[in-house]
There are 2 protein chains.
Amino acid sequence: MRMIPVGNSAKRGRLSSPAVDADVETTVASRLRRLGQRFTAGRRALVDALTKVDRPVTIEEILRVEPRLPLSSTYRNLAILQQAGVVHRVSTDHEFARFELAEDLTDRHHHHLVCESCGTIEDVEIPARLDRSVRAALDELARTARFRVASHRVDAFGLCARCAAER
Amino acid sequence: MRMIPVGNSAKRGRLSSPAVDADVETTVASRLRRLGQRFTAGRRALVDALTKVDRPVTIEEILRVEPRLPLSSTYRNLAILQQAGVVHRVSTDHEFARFELAEDLTDRHHHHLVCESCGTIEDVEIPARLDRSVRAALDELARTARFRVASHRVDAFGLCARCAAER
DNA sequence: ATTCGTGCAAATAGTTTGCAGCAGA
DNA sequence: TCTGCTGCAAACTATTTGCACGAAT
């Protein structure tokens, strides 16, 4: 398993300190409270870790950043945070599940470049107008199937720069 | 069986008979041969089962249709067929992996309506022009990340008609 | 004090693999 | 005949859960 540099999101005014955006903290706390759940240190560490990386990460990657977190609590807390709408689980063809912060916490509707070789996922933003067209088309098709669309996903699969170089 | 007519090239008529299209048989056989693999009865049964259902199915669903297939051989053969480019593995947020025939065998570039409640997936076709726009936009974004796009995916998540009714 | 979270260890479950026999080219 | 496919059972591994202790309200 290779080391992946933990890059910081180029978001305006984002802290580079270990602390999480106070805004995000408040939102997370209130969403947890809504479920009768507490915003404990372990959960804060998870949100922290996910804030620092701007792409979906595996549990292993999270534990590499936060080695003090026990495996079982991490699974349990990611599930809770997912229920609270704070974390989004991204399914992949690779062996490990990946997690990211929910879009409404990052204010960045994005899509994914999924490397079929190493499983790494990069975030990208497609033009808003195109995204709206996709959504409209899906809504229209869903109508025929009486399917209720909640969200959509546009992903690209292929080879990341690193894996392409290794060939 | 939901067909949504769209301006996509519907080159070949679909059979409604239980047997697999002879065309598909030939293609599958040759792709297997390319890997030094045989087109055995078990593999034929798998292709058969996937041809009959027009959506990604779980192993359990396959075995319900073809109960004579042993579990381990099914996993092994699906992996082989995937390598041969005959079968495509669809990753989901649900517990089971799902499989479908490769698009170039069905001549139907399609996308998915994924039910977040029961995990069932329906196929839909979005307008070809929109699909091309999506692809172009992803190619453009990928250029920046030096990512090589091989394929893309446009999926909708929500509630299928059946699950929506149960609420 | 009581409820909820934690962390270890053990269990679960989808998937993979070793191996002996069988079958297709 | 000779590889390679099959099918059973056993192994593997990501994830989940039971339980007793600790923390927060």
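What counts as what
Residues numbered from 1 in each chain as written. Chains lettered and ligands numbered in written order. Predicted model: local features only at pLDDT ≥ 70, side-chain atom pairs only at ≥ 80, totals over all residues. Heavy atoms only, no water. Near = heavy atom within 4 Å. Polar contact = N/O pair within 3.5 Å; in protein donor to acceptor, adjacent residues only side chain to side chain. Helix = DSSP H or I, 4+ residues; strand = E, 2+ residues; numbered from the N terminus. Nonpolar A, V, L, I, M, F, W, Y, C, P; charged D, E, K, R; others polar. Contact = heavy atoms within 4.5 Å. Buried area = accessible area lost by both parts, 1.4 Å probe. Salt bridge = Lys/Arg side-chain N within 4 Å of Asp/Glu carboxyl O. Pairing = 2+ DSSP bridges. Axes fitted to C-alpha atoms, helices over the stretch in contact; angles between N-to-C directions. Expected span 1.5 Å × (residues − 1). Buried < 20%, exposed > 50% of the residue type's maximum accessible area, 1.4 Å probe, protein only. Arc of directions from axis to C-beta. Core = buried A, V, L, I, M, F, W, Y, C linked by side-chain atoms within 4.5 Å. Parallel < 35°, antiparallel > 145°, perpendicular 65-115°, else oblique. Domains from an automatic or database assignment.

Engineer: Please explain the protein's contact with DNA strand D as it appears in this structure.
Structural biologist: Around DNA strand D, 19 residues are found, and the nearest of them are Tyr75 of chain A together with Gln37, Thr40, Pro70 and Arg76 of chain B. Side-chain polar atom of Arg43 of chain B to a sugar or linking oxygen of DNA strand D: 3.3 Å apart, as the coordinates give it. With respect to DNA strand D, the side chain of Ser72 of chain B contributes an N or O atom lying 3.1 Å from a base nitrogen. Of all the elements in the fold, those that place two or more residues in the surface near DNA strand D are helix H4 (71-83) of chain A together with helix H4 (71-83) of chain B. Looking at the surface near DNA strand D residue by residue, the class counts come to five nonpolar, seven polar and seven charged.

Engineer: Looking at this model, I keep getting lost on the interface of chain B and chain A. Mind explaining?
Structural biologist: Each partner contributes to the interface: chain B provides 41 residues, whereas chain A provides 40 residues. Approximately 3300 Å² of surface area, both sides summed, lies buried where chain B meets chain A, with 66% of it carried by carbon and sulfur atoms. Three residues stand out in chain B for area buried against chain A, namely Phe147, Arg153 and Phe157 of chain B, and they jointly supply 19% of the buried area on that side. Summed over the shared surface of chain B and chain A, the result is zero salt bridges. Across the contact surface, chain B and chain A share ten residue pairs in polar contact (both at pLDDT 80 or more). Taken together, the elements giving at least two residues each to the side of chain B that touches chain A come down to strand E2 (87-90), strand E4 (111-115), strand E5 (121-124), helix H6 (128-145), strand E6 (148-159) and helix H7 (161-165) of chain B. By residue number, the principal contributor to the side of chain B that touches chain A is E6 of chain B, which donates twelve residues. Broken down by class, the residue content of the side of chain B that touches chain A amounts to 25 nonpolar, six polar and ten charged. Pairing between strand E6 (residues 148-159) of chain A and E6 of chain B: eleven bridges, direction antiparallel. Bridge assignment links Arg148 of chain A to a residue of E6 of chain B, and that residue is Leu159 of chain B.

Engineer: Looking at this structure, I do not really get the sheet that holds strand E1 (residues 57-58) of chain A. What am I missing?
Structural biologist: Paired through their backbone hydrogen bonds, the strands of a sheet run either parallel or antiparallel. All names here are of chain A. Pairing is antiparallel across the open sheet formed by three strands, whose spatial order is E1-E3-E2. In this open sheet, the two strands that pair with only one neighbour each are E1 and strand E2 (87-90). Here E1 runs beside strand E3 (residues 98-101); their pairing, made up of two bridges, is antiparallel. The residue of E3 that forms the bridge with Thr58 is Arg98. Sitting on the sheet, helix H2 (residues 41-52) is in contact with E1, E2 and E3, with an inclination near 85° to E3.

Engineer: How do you make sense of H6 of chain B when you look at a structure like this?
Structural biologist: Note on helix geometry: an α-helix contains 3.6 residues per turn, so any two residues three or four positions apart are oriented the same way. In this model, H6 of chain B (18 residues) spans 26 Å end to end at C-alpha, consistent with the 26 Å of a helix rising 1.5 Å per residue. All of the buried residues along H6 of chain B are Leu130, Asp131, Val134, Ala137, Leu138, Leu141 and Ala142 of chain B. Across the axial projection of H6 of chain B, the buried residues extend over an arc of 135°, all falling on one side. When the buried face of H6 of chain B is taken as reference, the exposed residues oriented beyond 90 degrees from it are Arg129, Arg132 and Arg143 of chain B. Lining the buried residues of H6 of chain B we find strand E4 (111-115), strand E5 (121-124), helix H6 (128-144) and E6 of chain A together with E4 and E6 of chain B. One or two steps after H6 of chain B, the chain reaches Arg146 of chain B, where phi turns positive at roughly 50°.

Engineer: Any chance you could explain the nonpolar core here in plain terms?
Structural biologist: Inside soluble globular proteins, nonpolar side chains tend to come together where they are buried. Formed by 37 residues in total, the largest nonpolar core has its most connected members in Val134, Phe147 and Val154 of chain A together with Val134 and Phe147 of chain B. Residue assignment for this core shows that the elements contributing at least two residues are E4, H6, E6 and helix H7 (161-165) of chain A together with E4, H6, E6 and H7 of chain B. In contact with Val134 of chain A, not counting residues within four places along its chain, are His152 and Val154 of chain A together with Leu130, Val134 and Val154 of chain B.

Engineer: Even after reading the chapter, I still don't get the pairing of E5 of chain B, so can you show me in this structure?
Structural biologist: Consecutive side chains along a regular strand alternate between the two faces of the sheet. Residues and elements named next belong to chain B. Every second residue of E5 is oriented toward a common face, with Ile121 and Asp123 on one face and Glu122 and Val124 on the other, all of them buried. Sheet topology places E4 next to E5; four bridges connect them, and they run antiparallel. The residue of E5 that forms the bridge with Leu113 is Glu122. Count of turn residues in the E4/E5 antiparallel hairpin: five residues, of which Gly119 carries a positive phi of about 85°.

Engineer: Quick question: what am I supposed to make of the packing of helix H2 (residues 41-52) of chain B against H4 of chain B here?
Structural biologist: In a pair of packed helices, the angle between the axes and the distance between the axes together describe the arrangement. Residues and elements named next belong to chain B. One way to put it is that H2 packs onto H4 with a least axis distance of 10 Å and a crossing angle of 75°. Of the possible angle classes, the one that applies to H2 and H4 is roughly perpendicular. Packed against H2, whose contacting residues are Gly42, Arg43, Leu46, Val47 and Leu50, the element H4 presents Thr74, Asn77, Leu78, Ile80 and Leu81 at the interface. The class makeup of the residues in the contact of H2 with H4 is six nonpolar, three polar and one charged.

Engineer: Would you take a moment to explain the domain arrangement of chain A for this structure?
Structural biologist: Quoted interface sizes are often the accessible area lost when the parts come together. Residues and elements named next belong to chain A. According to the domain assignment, chain A contains domain 1 (1-106) and domain 2 (108-167). Between domain 1 and domain 2, the residue contacts involve 15 residues of the former and 16 residues of the latter. Buried area between domain 1 and domain 2, summed over both chains or domains, comes out near 1400 Å², and the portion from carbon and sulfur atoms is 44%. Here domain 1 and domain 2 share zero salt bridges between them. One can count seven residue pairs in polar contact (both at pLDDT 80 or more) joining domain 1 with domain 2. Of all the secondary structure elements, the ones that give two or more residues to the side of domain 1 that touches domain 2 are E3 and helix H5 (103-106). Of the residues that constitute the side of domain 1 that touches domain 2, the class distribution is five nonpolar, four polar and six charged.

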